[in-house]
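# Commentary on secondary and tertiary structure
This is what each chain is made of:
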Amino acid sequence: MGKLQGRVAVVTGAGRGIGQAEALRLAKEGASVAVLDLREEDAETTRNLIRETGGTAEAFACDVSQRDQVVATFQQIADLWQGIAILVNNAGITRDNLLFKMSDQDWDAVMNTHLKGSFLCAQAAQKYMVPVRWGKIVNTSSTSALGNRGQANYSTAKAGLQGFTKTLAIELGPYNINVNAVAPGFIETEMTRQTAERIGMDFEQLKKMASQEIPLRRVGTPQDIANVVAFLCSDDAAFISGQVLYVRGGP
Ligand code: NDP
């Protein structure tokens with residue numbers, strides 16, 4: 001039996017990349033997984049992959065930065081499966097630019113997706129976790145929280161998520177809700193592929209360059225993150241809360 005048998009999990013931005021790997025992994029551990037993404041067809045792709053492996057999943061189109069959509073979707077999920085026990089706030093975007101060229105739109109879009117999105121989803125999810133005194137919330141920070149050229153908006157949001165994580169751990173701990181964050185380093189996904197395109201670099205070349213800076217001498221895979229998230233959502237991690245776990249192949 002999987003470690004999350006009978007649990008209901010929500011993964012945002014799960015139509016591809018890290019979120020898709022997380023959704024697949026949580027389903028493999030026995031959770032019923034609500035796959036959320038901006039576009040329904042992307043969410044359906046992941047839902048179908050989960051079903052093909054015998055797991056339980058449903059797909060939802062949901063923009064995490066919109067309160068009405070978040071509240072309605074979480075309500076639908078809770079009605080379908082009688083509750084929500086696990087939330088993985090993964091949805092994210094980049095709008096990189098140097099400070100002097102960064103527009104208000106670039107700033108707001110990143111803040112709204114990462115920070116407001118995680119806030120809205122956590123608020124919607126805790127409503128179902130508090131009454132049953134069991135819950136796991138995992139936020140997605142980044143090594144960029146420590147500072148990264150061209151990412152004033154993104155690094156600010158990812159650093160903000162660390163404060164958000166620690167505060168929620170304090171507020172929700174008395175209700176047996178663990179709140180942690182993963183902070184991935186370079187992970188091979190569409191997001192990093194687009195970064196390569198933007199800076200006019202071959203993706204394989206960028207990966208090779210990044211690997212040379214990583215002590216384990218490789219970039220990460222979505223599964224590397226999904227494995228850690230599955231651990232943090234399990235009772236093996238029952239006494240871990242308010243932590244930021246860097247998953248970057250080095251210190
Ligand atoms: P991807 O771009 O591959 O996937 C992100 C997914 O989130 C997409 O399906 C995207 O939909 C969706 N999404 C974007 N905005 C919203 C929204 N408002 N509501 C719902 N879904 C949304 O990214 P990754 O898998 O690489 O990244 C996942 C998370 O990990 C992000 O938070 C990212 O910041 C973080 N991260 C990634 C790292 C990496 O190296 N890849 C490193 C550190 C952190 P659509 O395709 O329609 O835009």
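Residues numbered from 1 in each chain as written. Predicted model: local features only at pLDDT ≥ 70, side-chain atom pairs only at ≥ 80, totals over all residues. Heavy atoms only, no water.

## So, unusual backbone geometry
Our working rule: Only runs of H or I of at least four residues qualify as helices and only runs of E of at least two qualify as strands under DSSP, and these elements are numbered from the N terminus.
The phi angle at Asn176 is positive, at roughly 60°, despite the residue not being glycine. Inspection of the secondary structure puts Asn176 in the loop between α5 (152–172) and β6 (177–184).

## Some points on the pairing of β6
Applicable threshold: Accessibility here uses a 1.4 Å probe with only protein chains present; expressed as a share of the type maximum, an area under 20% marks a residue as buried, one over 50% as exposed, and anything in between as partly exposed. At least two bridges found by DSSP between two strands are what make those strands a pair. With strands facing away from the observer, any crossover in which the path from the first strand over the helix to the second runs clockwise is taken as right-handed.
Where burial is concerned, most of β6 is hidden: eight out of the eight residues are buried. Where burial is concerned, the two faces of β6 agree: the one with Ile177, Val179, Ala181 and Ala183 and the one with Asn178, Asn180, Val182 and Pro184 are both buried. Relative to β6, strand β5 (residues 135–140) runs parallel, the two sharing six bridges. For Thr140, the partnering residue across the bridge sits in β6 and is Val182. Chirality of the crossover, the property in question, places the unit of β5, α5 and β6 among those that are right-handed. Note that β6 and strand β7 (residues 244–247) share four bridges and pair parallel.

## Some words on the nonpolar core
Filter applied, for reference: In these notes, a set of buried Ala, Val, Leu, Ile, Met, Phe, Trp, Tyr and Cys residues joined through side-chain atoms within 4.5 Å is what counts as a nonpolar core. Residue contacts are defined here by distance: any two heavy atoms, one from each residue, within 4.5 Å place the two residues in contact.
Val10, Leu36, Phe74, Ile77, Ile84, Leu87 and Ile137 are the most contacted members of the largest nonpolar core, which totals 31 residues. Sorting the residues of this core by element identifies β1 (8–11), β2 (32–37), α3 (67–81), α4 (104–129), α5 and β6 as the ones contributing at least two each. It is α4 that contributes the most residues to this core, seven residues altogether. Sequence-distant contacts of Ile77, defined by excluding residues within four places in its chain, comprise Val8, Val10, Ala34, Leu36, Phe60, Gln82, Gly83 and Ile84. Grouped together as the second largest cluster of nonpolar side chains are 30 residues, Ala59, Ala85, Ile187 and Ala230 included.

## A look at the environment of Phe74
Its place among the elements puts Phe74 in helix α3. On the accessibility criterion, Phe74 (1% relative accessible area) is buried.

## Re the domain arrangement of the protein chain
Heads up, the rule is: Each domain's limits were defined by an automated method or a database of domain assignments. Take the accessible area each of two parts loses on contact, using a 1.4 Å probe, and add the two losses: that sum is the buried area. Salt bridges are defined as contacts in which a side-chain nitrogen from Lys or Arg sits within 4 Å of a carboxyl oxygen from Asp or Glu. In the analysis that follows, any N or O atom pair within 3.5 Å is treated as a polar contact, provided that within protein one partner can donate a hydrogen and the other can accept it, and provided that, for residues neighboring in sequence, both atoms belong to side chains. By the convention adopted, Pro, Cys, Tyr, Trp, Phe, Met, Ile, Leu, Val and Ala count as nonpolar, Lys, Arg, Asp and Glu as charged, and the other residues, Gly among them, as polar.
Partitioning the protein chain into structural domains gives domain 1 (8–185 + 223–244) and domain 2 (186–219). The C-alpha-based centres of domain 1 and domain 2 are spaced at 23 Å. Taken together, the contacts link twelve residues of domain 1 with eight residues of domain 2. Carbon and sulfur atoms make up 55% of the area that domain 1 and domain 2 hide from each other, which totals about 770 Å². With its nearest N and O atoms 2.8 Å apart, the salt bridge here joins Arg218 to Asp224. On the surface where domain 1 and domain 2 come into contact, there are three residue pairs in polar contact (both at pLDDT 80 or more). Counting only elements with at least two residues in the side of domain 1 that touches domain 2, the list comes to α1 (17–28) and α8 (222–232). The class makeup of the residues in the side of domain 1 that touches domain 2 is five nonpolar, four polar and three charged.

## Here we look at the site of the ligand
The criterion, for reference: Residues are labelled near a given molecule or strand when at least one of their non-hydrogen atoms is within 4 Å of it. Where accessible areas are quoted, they stem from the Shrake-Rupley method and a 1.4 Å probe; at the residue level, only the protein chains shown are allowed to cover.
Around the ligand sit 29 residues in total, of which Arg16, Asp37, Asn90, Tyr154 and Thr189 are the nearest. At 2.7 Å from an oxygen atom of the ligand is found a side-chain nitrogen or oxygen belonging to Asp37. Contact between the ligand and Val64: a nitrogen atom at 3.1 Å from a main-chain N or O atom of the residue. Calculation on the ligand without its partners gives an accessible area of 890 Å², and the protein chains cover 94% of this total. Of all the secondary structure elements, the ones that give two or more residues to the shell around the ligand are α1, α4, α5 and α6 (190–198).

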